[in-house]
Amino acid sequence: QGPHPREVDKFYQLCDPEKENLCLYGYPNETWEVTLPAEEVPPEIPEPALGINFARDGMNEKDWLALVAVHSDSWLLAVSFYFAARFGFDKEARRRLFNMINNLPTIFEVVTGAAKKQIKEKAPNSTHKSNNKPSMKTYSKPESQSKAPKIAAPPKDEDESGEDYGEEEEEERDNTLCGTCGTNDGKDEFWICCDNCERWYHGKCVKITPARAEHIKHYKCPDCSNKRARA
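Residues numbered from 1 in each chain as written. Predicted model: local features only at pLDDT ≥ 70, side-chain atom pairs only at ≥ 80, totals over all residues. Heavy atoms only, no water.

Going by what an unreviewed UniProt entry lists, the protein chain is known as PHD finger protein ALFIN-LIKE and is assigned to Aegilops tauschii subsp. strangulata. The Subunit (unreviewed entry) comment attached to the protein chain in UniProt states, word for word, "Interacts with H3K4me3 and to a lesser extent with H3K4me2." You can read under Subcellular location (unreviewed entry) in the UniProt record for the protein chain the words "Nucleus". (UniProt positions renumbered as here; feature names shortened; annotations may be inferred.)

Chemist: How should I be thinking about the pattern of salt bridges in this particular structure?
Modeler: Applying the stated criterion across every chain, the model contains four salt bridges. Of the charged contacts in the structure, one is a salt bridge between Arg95 and Glu92, with a shortest N-O distance of 3.3 Å. Placement of the pair is Arg95 and Glu92 together in helix α3 (residues 91-102), with a separation of three residues, close to one helical turn. A salt bridge links Arg199 to Asp223, with the nearest nitrogen and oxygen atoms 3.0 Å apart. Here Arg199, found in the loop between β4 (191-193) and β5 (200-202), pairs with Asp223, found in helix α8 (residues 222-230); they are 24 residues apart in sequence, far enough to count as distant. For Asp223, a relative accessible area of 35% puts it in the partly exposed group. (Salt bridge = Lys/Arg side-chain N within 4 Å of Asp/Glu carboxyl O. Helix = DSSP H or I, 4+ residues; strand = E, 2+ residues; numbered from the N terminus. Buried < 20%, exposed > 50% of the residue type's maximum accessible area, 1.4 Å probe, protein only.)

Chemist: Just to check I follow, could you spell out the packing of aromatic side chains for this structure?
Modeler: To describe a pair of aromatic rings, you give the distance between the ring centres and the angle between the ring planes. If you walk through the whole model with that rule in mind, you get seven aromatic pairs. Judged by centre distance (5.9 Å) and plane angle (85 degrees), the rings of Phe11 and Trp32 are edge-to-face. Of the two residues, Phe11 is situated in helix α1 (residues 5-14) and Trp32 in strand β2 (residues 32-35); the sequence distance between them amounts to 21 residues. Between Tyr25 and Trp75, the ring centres sit 6.1 Å apart and the planes meet at 90 degrees, which makes this aromatic pair edge-to-face. A residue pair is termed long-range when its members are at least 10 positions apart, and Tyr25 in strand β1 (residues 23-26) and Trp75 in helix α2 (residues 61-86) qualify at 50 residues. Judged by its relative accessible area of 10%, Tyr25 is buried. (Phe/Tyr/Trp six-rings, centres within 6.5 Å; stacked < 30°, edge-to-face > 60°.)

Chemist: Looking at this model, I keep getting lost on the pairing of β2. Mind explaining?
Modeler: On any regular strand, side chains alternate: one points to one face of the sheet, the next to the other face. Taken together, the four bridges between β1 and β2 define a ladder with antiparallel strand orientation. Residue pairing in the sheet places Cys23 in a bridge with Thr35 of β2. The turn linking β1 back onto β2 is made up of five residues, and Glu30 within it adopts a positive phi angle of 70 degrees. (Pairing = 2+ DSSP bridges.)

Chemist: How should the side chain of Glu189 be read in this particular structure?
Modeler: Structurally, Glu189 can be placed in the loop between α6 (163-174) and β4. Within the structure, Glu189 has its side chain in polar contact with the side chain of Lys204 (distance 3.3 Å). (Polar contact = N/O pair within 3.5 Å; in protein donor to acceptor, adjacent residues only side chain to side chain.)

Chemist: Explain the packing of α1 against α2 here, please?
Modeler: The description of two packed helices rests on the angle between their axes and on the distance between the axes. In the contact formed by α1 and α2, the axes pass within 12 Å of each other and the chain directions differ by 85 degrees. Between α1 and α2, the interaxial angle falls into the category roughly perpendicular. Counted together, Val8, Phe11 and Tyr12 of α1 and Glu61, Trp64, Leu65 and Val68 of α2 form the full contact between these two elements. Partitioned by chemical class, the residues of the contact of α1 with α2 number six nonpolar, no polar and one charged. (Axes fitted to C-alpha atoms, helices over the stretch in contact; angles between N-to-C directions. Parallel < 35°, antiparallel > 145°, perpendicular 65-115°, else oblique. Contact = heavy atoms within 4.5 Å. Nonpolar A, V, L, I, M, F, W, Y, C, P; charged D, E, K, R; others polar.)

In structure tokens form, the structure reads like this:
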């Protein structure tokens, strides 16, 4: 889903080239603000690109928005890893953070429409990723299946059970096929496991997103749900 036209118009008007150096700030509550940069040096957190308003009238509007989007993506990454450093994230925690960020489209992809194109290109019958293996990094079962569905998200390096288990986990992962499309393509895609039959599925094949999975306490695949309905 792209930016709302009214939000774009509002942003465009606020970035008046006649004003001083302006920055675009995004906030945790999903609001944004175009304002002057922080006065303190060095600033409390990394600062976004300065003077985004100056190039507005000298470029095509779409090109200018794309340029601001690229700088905004860079700023958000800087802020993320700034807090990772402040909170003492180690190498594996930083890797997990980066993977979480990578599961979302960038601002540039949303603004330019590239995110929609990527979704269309990732069809189930696509063969360009046929050599990749599913990224089921946490393959161990949770202690209680009633608490939450099993999903493939954190990196396997966080598992503290030893190297031998890691090798077995890798082999098991390589042999796992999606219960819907029958392939194990999509190394970096989101997977979810049925708590009833314990088969793994591509999230896209069963229309479950990572965000939606967080709110599912006990996941049942379409086959298991249909069996119960018929019974």
